[in-house]
Amino acid sequence: MGTLYQEHLDPSIHDLKVTLQDSTLVFPSQETEKKSIFLSNIDQVLNFNVQTIHFFPANPDFAPEVVASRLKTALEKVLVSYDLMAGRTKMNPQSGRLEVECNAAGVGFVVASTQFSLDEIGDLVYPNPAFRELIVQSMDNLEADNQPLCIFQVTSFKCGGFAMGMSTNHVLFDGISVKIFLENLASQAFDDKPLVVIPIHDRHLLAARSPPLVTFPHPELLKLELPIGEDSIPPVFDCKQEDLDFKIFKLNSDNISYLKEKAKMNGPNENTKITSFNVVTALIWRCKALSSCNNSQRLSTVLYAVDIRSRLKPPLPFSYCGNAVLSAYASSICPKLEDEPFSKIVDMVSEGAARMTDEYARSAIDWGEIYKGFPNGEFLISSWWKLGFSEVEYPWGKPRYSCPVVYHRKDIILLFPDINNGSNNNNGNGVNVLVALPAKEMEKFQSLFHNFLASN
């Protein structure tokens, strides 16, 4: 059965004792054009920061101070092609829309150190709140309206390993765009290597139609009386102040294979895609929905991101730099989630993704033009599972582990990969599920999760 992740974390290490050594701005190595970048309706509602940490083991050929210098130079070079990263967000008074002003104002770059070794800070998979020290949230010497859209922090450990923290405004990138950016950044850290992919920054490719045409009801979106581009967090990202337990549920490749076999029973829909993501999402949805106290006829809606690049006609270029994901959804009353065969729950998850055709995606974008709304559901599954950040090859090697900085929220469940320990087993096909719930709901979730996997 799936296991509850047992953390290997010294509880005394709640402070990494990080010392900031240098803080500066990095600018493109060549002059860039001053211009304003249009942001799509998808970008508009993502005006908040996302932090990721990339942990690297010691490399005798690349001391942390050498890495920091190489990384800074690589950043200067890559910013020529990613000039919007060195810009600033601004509100266009005529359109009332958020834009990025490409003004070469710079990207934050911080060098720091800690007295701990990489091994001493514990299991990297287990979300330690102290990891937030590995990326600064803002540049203290700059005013609020002049904060960088991206900040890097290189923190050296006493063992010679280091962490590369990156905070980016979500208007810049979705997960696929970040992966491409990291590959390009890594390429520029080598001597005389070209960019891996030339990024395409034309956000007009996802502009609303004129006039906008909404052809679907879009229950996954919530109408709000807010100006588009206002610095507000969507309700699905709202963090209510309540006491939450959090646990990591680990599914290995055998567990996922078992779920796939279970999804084939009782006649799944012939169009259903029985993928690893779909079966894991179906399991989480069932456990989360039924862990609530009131389940009589309650409607439960799960949201999950779908990449629309290949679904549009014509498809977006793979190198599109921006947010090209929309929220798919599946809804059901709780009694059905409890009583229906697992195959039917997987059907609903698969149908939610299949619903995202070119016309549906264009309709959702046009909906955002008219109603200025946000994604709306009981909870969101945010998957970092297959993004492949740990596969990026730098001159000093691949990361030992890459992960988001975690903030525990009841309405967001995270999927993230297992650590790459260099072995040849199938653990790399497994997934870790981070859940944060009130204590009684967590107890029910855990029971449902383990009992389902133990059933025959």
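As recorded by an unreviewed UniProt entry, the protein chain carries the name HXXXD-type acyl-transferase family protein and is attributed to Abeliophyllum distichum. Entered under Sequence similarities (unreviewed entry) in the UniProt record, the comment concerning the protein chain runs "Belongs to the plant acyltransferase family."

Novice: Would you take a moment to explain the sheet that holds strand E6 (residues 98-102) for this structure?
Specialist: Each strand in a sheet pairs with another by means of backbone hydrogen bonds, the pair being arranged parallel or else antiparallel. Pairing is antiparallel in the open sheet, where three strands are placed in the order E3-E6-E5. Sheet topology places strand E3 (35-38) and strand E5 (88-91) at the edges, where each strand pairs with a single neighbour. Here the average twist between neighbouring strands, direction ignored, is 40°. Where E3 lies against E6, four bridges are found, and the strand directions are antiparallel. Each residue of the ladder has a partner; that of Lys 35, found in E6, is Cys 102.

Novice: Any chance you could explain the sheet that holds strand E2 (residues 19-26) here in plain terms?
Specialist: Strand order in the open sheet formed by six strands is E2-E7-E8-E9-E4-E16, with mixed pairing between adjacent strands. Each edge of the open sheet is held by one strand with a lone partner, namely E2 and strand E16 (401-404). Neighbour-to-neighbour, the strand axes of the sheet open up by a mean angle of 15°, direction not taken into account. By the bridge criterion, seven bridges tie strand E8 (residues 150-156) to strand E9 (residues 162-169) in an arrangement that is antiparallel. Each residue of the ladder has a partner; that of Phe 152, found in E9, is Met 166. Taken strand by strand, helix H2 (residues 64-78) contacts E2, strand E7 (107-113), E8 and E9, and its axis lies near 175° from that of E7.

Novice: Just to check I follow, could you spell out the nonpolar core for this structure?
Specialist: In globular proteins that are soluble, nonpolar side chains generally tend to be buried together. Phe 55, Leu 75, Phe 152 and Phe 181 are the most contacted members of the largest nonpolar core, which has 78 residues in total. It is helix H3 (residues 175-189) that provides the largest number of residues to this core, a total of seven residues. Residues Leu 251, Leu 259, Ala 324 and Ala 364 belong to the second largest nonpolar core, which totals 63 residues.

Novice: Honestly, H2 in this entry has me stumped. Any pointers?
Specialist: At 3.6 residues per turn, the α-helix brings residues three or four places apart onto the same side. Spanning 15 residues, H2 covers 20 Å between terminal C-alpha atoms, matching the ideal 21 Å at 1.5 Å per step. Along H2, the residues that are buried comprise Pro 64, Val 67, Ala 68, Leu 71, Ala 74, Leu 75 and Val 78. Here the buried residues of H2 occupy an arc of 130° about the axis, which is enough to place them on one side. Contacts from the buried residues of H2 go to E2, E7, E8, E9 and H3.

Novice: Just to check I follow, could you spell out the confidence of the model for the protein chain for this structure?
Specialist: When pLDDT drops low, the exact placement of atoms in the prediction is not to be read closely. Taken residue by residue, the protein chain gives an average pLDDT of 90. The fraction at 70 or more is 91%. Below pLDDT 50 for its whole length, residues 7-12 participates in seven contacts with residues either more than four positions away or in separate chains. When the criterion is pLDDT under 50, residues 227-239 qualifies, and its contacts beyond four places in sequence or with other chains add up to 38 contacts.

Novice: Could you clarify how one ought to interpret the packing of aromatic side chains in this entry?
Specialist: Working definition: an aromatic ring pair is given by the centre-to-centre distance plus the angle between the planes. One pass over the full model with this rule turns up 20 aromatic pairs. Arranged with centres 4.9 Å apart and planes meeting at 55°, the rings of Phe 342 and Phe 452 form a pair that is tilted. Placement of Phe 342 in helix H7 (residues 342-354) and of Phe 452 in helix H9 (residues 439-454) is noted, with a sequence separation of 110 residues between them. On the accessibility criterion, Phe 452 (11% relative accessible area) is buried. When the ring centre of Phe 190 is taken as origin, the NZ or CZ atom of Lys 193, which lies over that ring, is 4.2 Å away. Across the ring face of Tyr 371, the terminal group of Lys 223 is positioned such that the distance to the ring centre comes to 4.2 Å.

Novice: What is the right way to read unusual backbone geometry from this model?
Specialist: Most of the time, phi is negative for any residue but glycine, and the peptide bond is trans. Of note, the amide linkage connecting Ser 210 to Pro 211 takes the cis form, showing an omega dihedral of -5°. Within the element layout of this structure, Pro 211 appears in the loop between H3 and strand E10 (221-222). Residue Lys 313 is joined to Pro 314 through a cis peptide bond whose omega torsion reads -5°. In this structure, Pro 314 sits in the loop between strand E12 (299-307) and strand E13 (325-333).

Novice: Would you explain the side chain of Asn 169 in this entry?
Specialist: The topology assignment puts Asn 169 in strand E9. For Asn 169, a relative accessible area of 6% puts it in the buried group. Of the polar contacts made by the side chain of Asn 169, one reaches the side chain of Asn 47; its length is 3.0 Å. If near-sequence neighbours (up to four positions away) are discounted, Asn 169 is found in contact with Leu 46, Asn 47, Phe 48, Asn 49, Thr 89 and Leu 149.

Thresholds, definitions, all that
- Residues numbered from 1 in each chain as written.
- Predicted model: local features only at pLDDT ≥ 70, side-chain atom pairs only at ≥ 80, totals over all residues.
- Heavy atoms only, no water.
- UniProt positions renumbered as here; feature names shortened; annotations may be inferred.
- Pairing = 2+ DSSP bridges.
- Helix = DSSP H or I, 4+ residues; strand = E, 2+ residues; numbered from the N terminus.
- Axes fitted to C-alpha atoms, helices over the stretch in contact; angles between N-to-C directions.
- Contact = heavy atoms within 4.5 Å.
- Core = buried A, V, L, I, M, F, W, Y, C linked by side-chain atoms within 4.5 Å.
- Buried < 20%, exposed > 50% of the residue type's maximum accessible area, 1.4 Å probe, protein only.
- Expected span 1.5 Å × (residues − 1).
- Arc of directions from axis to C-beta.
- pLDDT = per-residue confidence, 0-100.
- Phe/Tyr/Trp six-rings, centres within 6.5 Å; stacked < 30°, edge-to-face > 60°.
- Lys NZ or Arg CZ within 6 Å of the ring centre and 35° of its normal.
- Polar contact = N/O pair within 3.5 Å; in protein donor to acceptor, adjacent residues only side chain to side chain.

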